[in-house]
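Observations on chain architecture
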Amino acid sequence: MITTVKNDQILHPLLEQYQIELFIKREDLLHPHISGNKFRKLKYNTAKAKQQNKQTLLTFGGAYSNHIVATACAGNLYGFKTIGIIRGEELGVDLSKTLAQNNTLAFAVKQGMQLHFISRSEYKLKEKATFITGLQKRFGDFYLVPEGGTNELAIQGCTEILTPNDHSFDVICCAVGTGGTITGLIRSAQPEQHVIGFPALKETYLHKEISKKTTQTNWELNRNYHLGGYAKTTPELISFINEFYKTQKILLDPIYTGKLLHGIFESIKQGNFRKKTRILAIHTGGLQGIAGINTKLKKKGQKLITTNYEI
Ligand SMILES: Cc1ncc(COP(=O)(O)O)c(C=O)c1O
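Residues numbered from 1 in each chain as written. Predicted model: local features only at pLDDT ≥ 70, side-chain atom pairs only at ≥ 80, totals over all residues. Heavy atoms only, no water.

Brief notes about the site of the ligand
Which entries qualify depends on this criterion: The criterion for a residue being near a molecule or strand is simple. One of its heavy atoms has to lie within 4 Å of it. Identification of polar contacts relies on pairs of N or O atoms within 3.5 Å, with a donor-acceptor requirement for protein atoms, meaning one able to donate a hydrogen and the other able to accept it, and with residues adjacent in sequence counted only if both atoms are side-chain atoms. Reported accessibility uses the Shrake-Rupley method at a 1.4 Å probe radius. Residues are deemed covered only where the shown protein chains occlude them. We count a stretch as a helix when DSSP gives it H or I for four or more residues in a row; a strand needs E for two or more, and each element gets its number in order from the N terminus. Put simply, Ala, Val, Leu, Ile, Met, Phe, Trp, Tyr, Cys and Pro go in the nonpolar bin, Asp, Glu, Lys and Arg in the charged bin, and everything else, Gly too, in the polar bin. These domain limits were set by an automatic method or by a database of domain assignments.
Near the ligand you find 16 residues, and of these Lys-38, Gly-177, Thr-178, Thr-181 and Thr-284 are the closest. Between the ligand and Gly-179, the relevant distance is 2.8 Å, taken from an oxygen atom to a main-chain nitrogen or oxygen of the residue. In the complex, the protein chains occlude 98% of the 380 Å² of accessible area that the ligand would expose alone. Those elements that place two or more of their residues in the shell around the ligand are α2 (37–51), β7 (171–176) and α9 (180–188). Examining the composition of the shell around the ligand, we find that 3 residues originate from one element, α2, more than from any other. Class assignment of the residues belonging to the shell around the ligand gives a composition of 3 nonpolar, 11 polar and 2 charged. For the shell around the ligand, the two domains that each supply at least three residues are domain 1 (7–33 + 155–299) and domain 2 (36–149).

Quick word on the packing of aromatic side chains
What counts here: Pairing of aromatic rings covers Phe, Tyr and Trp, the last counted by its six-membered ring, and requires centre-to-centre distances within 6.5 Å; plane angles under 30 degrees mean stacked, over 60 mean edge-to-face, and any other angle means tilted. Two conditions define a charge located above a ring, namely a distance within 6 Å from the ring centre to NZ of Lys or CZ of Arg, and an angle within 35 degrees of the ring normal.
All told, the structure shown has 7 aromatic pairs when counted by the stated rule. Joined through ring pairs, the aromatic side chains of Phe-240, Phe-244 and Phe-265 make up one cluster. Geometry around Tyr-123 places Arg-87 over its ring, the cationic atom sitting 5.1 Å from the centre.

Structural notes on helix α7 (residues 129–139)
Rule in force here: The rule is simple: take the accessible area with a 1.4 Å probe, protein chains only, and divide by the maximum for that residue type; under 20% is buried, over 50% is exposed, in between is partly exposed. To be clear, the arc concerns the directions from the helix axis to the C-beta atoms. We call two residues in contact when some of their heavy atoms are within 4.5 Å.
Of all the positions in α7, only Phe-131, Ile-132, Leu-135 and Phe-139 are classed as buried. Considered in projection along α7, the buried side chains sweep an arc of 95° and stay on one side of the axis. In α7, the exposed residues that point more than 90 degrees away from the buried face are Ala-129, Thr-130 and Lys-137. Looking at the buried positions of α7, the neighbouring elements they touch are β3 (56–61), β4 (81–87), β5 (113–118), α6 (120–123) and β6 (143–145). Just downstream of α7, Gly-140 is the residue with a positive phi angle, here 85°.

Topic: the environment of Gly-258
The residue Gly-258 is located in helix α12 (residues 257–269) in this model. With 116 residues separating them in the primary sequence, Gly-258 and Phe-142 have C-alpha atoms 35 Å apart. Ignoring sequence-local partners within four residues, the contact set of Gly-258 consists of Leu-237, Phe-240, Ile-241, Leu-252 and Asp-253.

Details of the sheet that holds strand β8 (residues 194–199)
The criterion, for reference: At least two DSSP bridges between two strands are required for those strands to pair. Simply put, an axis is a line fit to the C-alpha atoms, just over the touching stretch for a helix, and the angle between two N-to-C directions goes from 0 to 180 degrees.
In spatial order, the strands read β1-β2-β10-β7-β8-β9; together these 6 strands make up an open sheet with mixed pairing. Of all strands in the sheet, those bounded by a partner on one side alone are β1 (7–10) and β9 (219–221). Neighbouring strand axes in the sheet, compared pairwise and without regard to direction, differ in orientation by 25° on average. Against the sheet, α9 makes contact with β7, β8, β9 and β10 (278–282), and its axis sits at roughly 175° relative to β8, the strand it touches most.

A few points about the domain arrangement of the protein chain
How we decide: Each of two parts loses accessible area, computed with a 1.4 Å probe, when they are put together; buried area is these two losses added. By salt bridge we mean one thing: a side-chain nitrogen of Lys or Arg within 4 Å of a carboxyl oxygen of Asp or Glu.
Taken domain by domain, the protein chain consists of domain 1 (7–33 + 155–299) and domain 2 (36–149). Between domain 1 and domain 2, the C-alpha centre-to-centre distance is 26 Å. Taken together, the contacts link 21 residues of domain 1 with 19 residues of domain 2. Each partner contributes to the roughly 1700 Å² buried at the junction of domain 1 and domain 2, and carbon and sulfur atoms together form 55% of this total. Together, His-33, Glu-160 and Gln-288 form the three largest contributors to the area buried by domain 1 at its contact with domain 2, with a combined 33%. Taken together, the connections running from domain 1 to domain 2 amount to 2 salt bridges. Two residues, Glu-160 and Lys-43, come together in a salt bridge whose shortest N-O distance is 2.7 Å. At the level of elements, α8 (152–158) and α13 (289–299) are the ones that each hand at least two residues to the side of domain 1 that touches domain 2. In terms of residue class, the side of domain 1 that touches domain 2 is made up of 5 nonpolar, 13 polar and 3 charged.

Quick look at the structure:
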């Protein structure tokens, strides 16, 4: 499997107008299903699980989770059984109907993942020791990978996204969910580089959480482009993603990387970057998330993301 990827330069009239150089690190090309930050996050976690002689990986996620797909696929590839604890007990009532309507979960099952559906209130207990003991009683011994895959080993993996060739960039930008990826980037960025995270959700706790894991101060979160919250989209975002694909031939997902690139373009328009700034945006994968959003958009009769990407 490849572990270093190319940086693609984005050519666009707006970038010319503001004299900004923008590149995208194509972490999405690392693997078709364990793509982007998921590959980085699982690398040392699967190694640790092997070292501890664990046979099973157990993790948590929502019905369209990129992390569930990646863990199911990694388990299959590296010889682990996998168990996915999925938010939403209603999805387990008629499993064949759910799988017929949800490519994410259907793919996970095809990779051998055993799905277990729990209510939203139970899901909130996922970090509690008593809840985890209950899971051990039910499923036996396992290696626990947290929701979104973020823990210290995941952060260690994410420090490997940047390479010495990236030292020439002034600004590194990434999408933020749990904060693991940006923490890895902050730890590996050069002191003179500035790291900007674009949260995909309407949060207020992330800055504090990330600050606990790094003493570096050359970073910030730009909270202006989550567009109303996690998995919320606007017609403008969908048009941006479609236009970006048409002109750059790079597909973005509507939950993370679409909001990231849209946020970067809008920030440039706001004059937030000095002339000659060299920006590196990280494409963290997650393209399988498009199908779920397209299903929602279709129901609302709105414009879809144009793609022939299939999980
Ligand atoms: C495609 C994609 N990009 C970015 C992120 C954000 O990463 P993190 O949770 O480490 O902040 C996620 C979520 O995990 C993701 O699936």
